[in-house]
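Coordinates in review
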Amino acid sequence: MVSAAQLGQFIAEHRLPDAFHRTATKFYEPLAAWLRRRVDEKSPFLLGINGAQGTGKSTLADYLALAIGGSGKRNVAVLSIDDFYLTRAERQRLAENVHPLLAVRGVPGTHDIALLRDCLSTLRGLGPREQARLPRFDKARDDRADEASWPAVAGPVGLIILEGWCVGSAAEPEAALDAPVNALERARDPDKRWRRYVNDRLAADYADAFAELDALVFLQAPGFDAILRWRVEQEHKLAASAGGRAAGVMNDAQVREFIQYFERITRNNLQAVRSNADIVLELDEYHDCVGSHYR
């Protein structure tokens, strides 16, 4: 259990509102208790966390890492699927050879799934006194960070947390791709070539990677409008932390266009992932957790 002092420090470090005390006590601690039992039964345990932009995936992942690994009895590795984006040059080659929209990071097909699976395999086999580096992506530069800056985790690892907006997402039926869901798809993908490529990748190597999950948590947003608002807020924070005019930071109009890349899968997640997740944490318009469901 996270102590009062640890929780206070966690809130300060993550710049969270005081209301987070309630979320931690009522929702995160029961989840941590559930997870401790699973880690005791199987180690290393691979937990997926799915949620749209701004739902608090990284906050939950960090809290669970503190709750499970804070005693020093279990080492925890936290991964974000965002840290496995293809490099800028690799995405540019995809844009030239497959579809121009693939230059933009985000959708399935723009991640290095082979690197992700290699990382998971390494973490599972990590022995005492061994270390592994965890990939990192620099969103402000829109490119993979230098390997020398990647953080390291020591073995053995009892819990691996993989969080990301498309972790555990499922491909749609081919017929569902026919009607565009927004202006981006209508204007820039009229022949469905981009969304078919994304869907095919989600059905293939992404599905194989997600099949390794031992459990999946879904952070349920109240709707797509809230997700758009939260994503704008998230970019404002990135701009403030990056300082100056970093190449990868977007203005509000760019964010509204950017979120259209994610809209199809995000909308599908609100139904499909909710149905398949082991735990669902429901959020209100203000990011606060208001309900939980265990399968």
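Heads up: the structure comes first, above all this text.
Residues numbered from 1 in each chain as written. Predicted model: local features only at pLDDT ≥ 70, side-chain atom pairs only at ≥ 80, totals over all residues. Heavy atoms only, no water.

1. Some words on the sheet that holds strand β1 (residues 45-51)
What the 6 strands build is an open sheet, ordered β2-β7-β1-β8-β9-β10; its pairing is mixed. Sheet topology places β2 (75-80) and β10 (289-294) at the edges, where each strand pairs with a single neighbour. Shown here is a sheet whose adjacent strand axes are inclined to one another by a mean of 15°, direction ignored. As paired strands, strand β9 (residues 279-283) and β10 are joined by 5 bridges and run antiparallel to one another. Across the sheet, Val280 pairs through a bridge with His293, a residue of β10. On the sheet, helix α3 (residues 57-69) packs against β1, β2, β7 (157-164), β8 (215-220) and β9 and is oriented at approximately 170° with respect to β7. (Pairing = 2+ DSSP bridges. Helix = DSSP H or I, 4+ residues; strand = E, 2+ residues; numbered from the N terminus. Axes fitted to C-alpha atoms, helices over the stretch in contact; angles between N-to-C directions. Contact = heavy atoms within 4.5 Å.)

2. So, helix α4 (residues 88-97)
When α4 is considered as a whole, its buried residues turn out to be Arg91, Leu94 and Ala95. Within α4, the buried residues cover an arc of 100° as seen down the axis, which keeps them to one side. The outward face of α4, more than 90 degrees from its buried face, is lined by the exposed residues Glu96 and Asn97. Tucked into the core, α4 has its buried residues touching β4 (137-138) and α7 (193-210). (Buried < 20%, exposed > 50% of the residue type's maximum accessible area, 1.4 Å probe, protein only. Arc of directions from axis to C-beta.)

3. Thoughts on the pairing of β7
Of all 8 residues in β7, 8 are buried, a share of seventy percent or more. When β2 meets β7, the two strands line up parallel, connected through 6 bridges. Bridge pairing links Ala77 to Ile160 in β7.

4. Things to note about the side chain of Arg144
For Arg144, the location among the structural elements is in strand β5 (residues 143-144). For Arg144, a relative accessible area of 17% gives the class buried. In terms of polar contacts, Arg144 uses its side chain to reach the backbone carbonyl oxygen of Tyr85, at 2.8 Å. (Polar contact = N/O pair within 3.5 Å; in protein donor to acceptor, adjacent residues only side chain to side chain.)

5. Focus on the packing of helix α1 (residues 4-13) against helix α2 (residues 20-41)
Look at α1 against α2: their axes get within 11 Å of each other, and the N-to-C directions meet at 130°. By the angle between their axes, α1 is oblique relative to α2. Between α1 and α2 lies a crossing of right-handed hand. For the pair formed by α1 and α2, the contact residues are Leu7, Phe10 and Ile11 on the first element and Phe20, His21 and Ala24 on the second. Along the lines of polarity and charge, the residues of the contact of α1 with α2 split into 5 nonpolar, 1 polar and no charged. (Parallel < 35°, antiparallel > 145°, perpendicular 65-115°, else oblique. Left-handed = near helix turned anticlockwise from the far one by under 90°. Nonpolar A, V, L, I, M, F, W, Y, C, P; charged D, E, K, R; others polar.)

6. A look at the pairing of β8
The element β8 is extensively covered by neighbouring structure, given that 6 of its 6 residues are classed as buried. Along β8, one buried face is formed by Ala215, Val217 and Leu219 and the opposite face, lined by Leu216, Phe218 and Gln220, is buried too. Across 5 bridges, the pairing between β1 and β8 is parallel. Within β8, the position partnered with Leu47 by the bridge is Ala215. Pairing geometry for β8 and β9, over 4 bridges, is parallel. Paired with Phe218 across the two strands is Val280, which belongs to β9.

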